[in-house]
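Structure at a glance
Chain by chain, the residues:
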Amino acid sequence: MLHADTRNKFLAVFEGIREELVVHMKSKKMPEDAIAWFNENLIYNVPGGKLNRGVSVVDTVTILLNRPPTDDEYFKAALLGWCIELLQAFFLVSDDIMDGSISRRGQPCWYRVSNVKGLGKVHNVAINDSCMLEGAIYHILKNHFRCESYYVDLLELFQEVTYKTEMGQLVDQITAPEGNIDIGKYTLPKHTFIVRYKTAYYSFYLSVALAMRMCGVPDVYELNGKTVEPYKEADRILIPMGEFFQVQDDYLDYHGTEAQIGKIGTDIIDGKCSWCVCTALAHGTDMQKRFLFENYGKKGPDQAAREQAVKDMYNDEQGLNIPKHYEEYSKNTVAEINSMIELVPEPGAQDELRGDRLRRDVFRAFLSKITDRTA
């Protein structure tokens, strides 16, 4: 959970971004109802989450600089952070439509909103709304970073990470197509592939890579006689960390409450290729696997009962005991990630004030945010 002062300072930058985007709409002579709709789209979908992805850009810049950022440095880092939050909103609005989800962040999914400030229901307009959230990213980048030497690097990062995320979403969607679920396709390696592409790049790698570009961290440098490739180092650590984060999400989808996670978990009813079902299939008996084939992802009048039956099987301490598997997985994964962090070449005292060198604390800060999380 972000400290209130940290969150409020970051949110203040969003207000400026929102006003800037609305002014741009007005400058293009957009009708008043379209401007009001877009404004509501921004307010409803962008600032309501935990904001960890966006604030992590600011945190990473602070760690790399090894000092508090100036006002200008903070503003630029926060702008990049909000671009990630816009990207997150784009993904979530469209993902909720594809999954037929009910709620998000404790409120109805955007496409289910029945009335937008008296302008009508959202429904399929949400498809275009999600695209506008993505488009806003590039407007902000052009407005504020076009004169920076790293502008093209920012554009490439957003474009590459977006494409990778969409590749992961594609595999996720065709692995578990609506109305034609075949959990025989579900394996832990398949799950790993999906979550690395669908979640890890935009939720973990992007925040750090943007901060590194802003601080002038080069693609390669020499340190204590060793050649360091910092972006490869970041990828090596942050992608497994993102996988861990998604496994946590999968576990909380079945084991957490709506009050905890801000949404109604639907992975079992939707037949998602979740870590939980992949683990159950990997460790279950033939009878337990047959039960999953008969009940997992089966929609209909009795879907709630089937969902509860699957949860009961997951929870059986004498049987599958998914909570125990999760506890073991979490403990081992945190230890492995900490070991990887220790291998990152660390700047010496002579480089104490340099902001263009990778530091282990970047990764430690990220890991501390997600270890033992319950939401």
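This report concerns the structure included in the present document. (Residues numbered from 1 in each chain as written. Predicted model: local features only at pLDDT ≥ 70, side-chain atom pairs only at ≥ 80, totals over all residues. Heavy atoms only, no water.)

Looking only at helices and strands, the protein features 15 helices and four strands. For the protein, whose C-alpha radius of gyration is 22 Å, the value lies close to the compact-globule estimate of 21 Å for 375 residues. Viewed in the frame of its principal axes, the protein has a C-alpha envelope of about 60 × 60 × 35 Å. Residues classed as buried in the protein amount to 53% of the 375 residues present. For the protein, long-range pairs separated by at least 24 residues make up 74% of all intrachain contacts whose partners lie at least 6 apart in sequence. With an accessible surface of roughly 17,600 Å², the protein has 53% of that area assigned to carbon and sulfur atoms. Charge-centre separation for the protein: the mean point of 43 positive side chains lies 2 Å from the mean point of 54 negative side chains. (Helix = DSSP H or I, 4+ residues; strand = E, 2+ residues; numbered from the N terminus. Rg over C-alpha atoms; globule rule 2.2 N^0.38 Å. Buried < 20%, exposed > 50% of the residue type's maximum accessible area, 1.4 Å probe, protein only. Contact = heavy atoms within 4.5 Å. Areas by Shrake-Rupley, 256 points an atom, 1.4 Å probe, with all protein chains shown as cover. Lys, Arg positive; Asp, Glu negative; His and termini not counted. Charge placed at Lys NZ, Arg CZ, Asp CG, Glu CD.)

Throughout the structure, instances matching the rule amount to 18 aromatic pairs. Relative to Tyr150, the ring of Phe145 lies with its centre 6.2 Å away and its plane at 55 degrees, an arrangement referred to as tilted. With relative accessibility at 0%, the residue Phe145 sits in the buried group. Judged by relative accessible area, Tyr150 falls into the buried class, the value being 9%. Members of the aromatic cluster, joined through ring pairs, are Phe244, Tyr251, Tyr254, Trp275, Tyr314, Tyr326 and Tyr329. Positioned over the ring face of Tyr201 is Lys164, at 4.2 Å from the centre of the ring. Its guanidinium or amino end placed over the ring of Tyr221, Arg357 lies 4.1 Å from that ring's centre, counting from NZ or CZ. (Phe/Tyr/Trp six-rings, centres within 6.5 Å; stacked < 30°, edge-to-face > 60°. Lys NZ or Arg CZ within 6 Å of the ring centre and 35° of its normal.)

The next subject is the nonpolar core. One finds Leu141, Met241, Leu292, Tyr314 and Phe363 to be the most contacted residues of the largest nonpolar core, which totals 116 residues. With residues near it in sequence (within four places) discarded, Tyr314 still touches Tyr254, Ile268, Cys276, Val277, Ala280, Leu292, Tyr296, Leu320, Asn321, Ile322 and Pro323. (Core = buried A, V, L, I, M, F, W, Y, C linked by side-chain atoms within 4.5 Å.)

With that settled, consider the side chain of Arg18. Position of Arg18 relative to the elements: it lies in helix 1 (residues 4-27). Among the polar contacts made by the side chain of Arg18, one reaches the side chain of Glu15 at a distance of 2.9 Å. Once you skip the residues sitting within four places of it in the chain, Arg18 turns out to touch Asn39, Leu42 and Ile43. (Polar contact = N/O pair within 3.5 Å; in protein donor to acceptor, adjacent residues only side chain to side chain.)

This next bit is on helix 3 (residues 52-65). In this model helix 3 runs 20 Å from its N-terminal to its C-terminal C-alpha over 14 residues, within 8% of the 20 Å that 1.5 Å per residue would give. Extensive coverage of helix 3 is indicated by the burial of eleven of its 14 residues. When helix 3 is considered as a whole, its buried residues turn out to be Arg53, Gly54, Val55, Ser56, Val57, Val58, Thr60, Val61, Ile63, Leu64 and Leu65. Looking at the buried positions of helix 3, the neighbouring elements they touch are helix 1, helix 4 (71-99), helix 7 (188-214), helix 8 (230-255) and helix 15 (360-370). Note on helix 3: the residue one or two positions beyond its end, Asn66, has a positive phi of about 60 degrees. (Expected span 1.5 Å × (residues − 1).)

Turning our attention to unusual backbone geometry. With a phi angle near 60 degrees, Lys29 is a residue other than glycine that sits in the positive phi range. Position of Lys29 among the secondary structure elements: in the loop between helix 1 and helix 2 (32-45). For Lys29, a relative accessible area of 73% translates into the label exposed. Even without being a glycine, Lys117 presents a positive backbone phi close to 50 degrees. Structurally, Lys117 can be placed in the loop between strand 2 (107-108) and helix 5 (125-145).

Further remarks concern helix 7. Between its first and last C-alpha atoms helix 7 spans 36 Å; for 27 residues at 1.5 Å apiece the expected length is 39 Å, and the two agree. The largest bend in helix 7 comes to about 60 degrees, at Ala200. The buried count for helix 7 comes to 20 of 27 residues, which makes it a mostly enclosed element. Its side-chain oxygen placed 3.1 Å from the backbone nitrogen of Lys190, Thr187 serves as the N-cap of helix 7. (Bend = angle between axes of the 7 residues up to and from the residue.)

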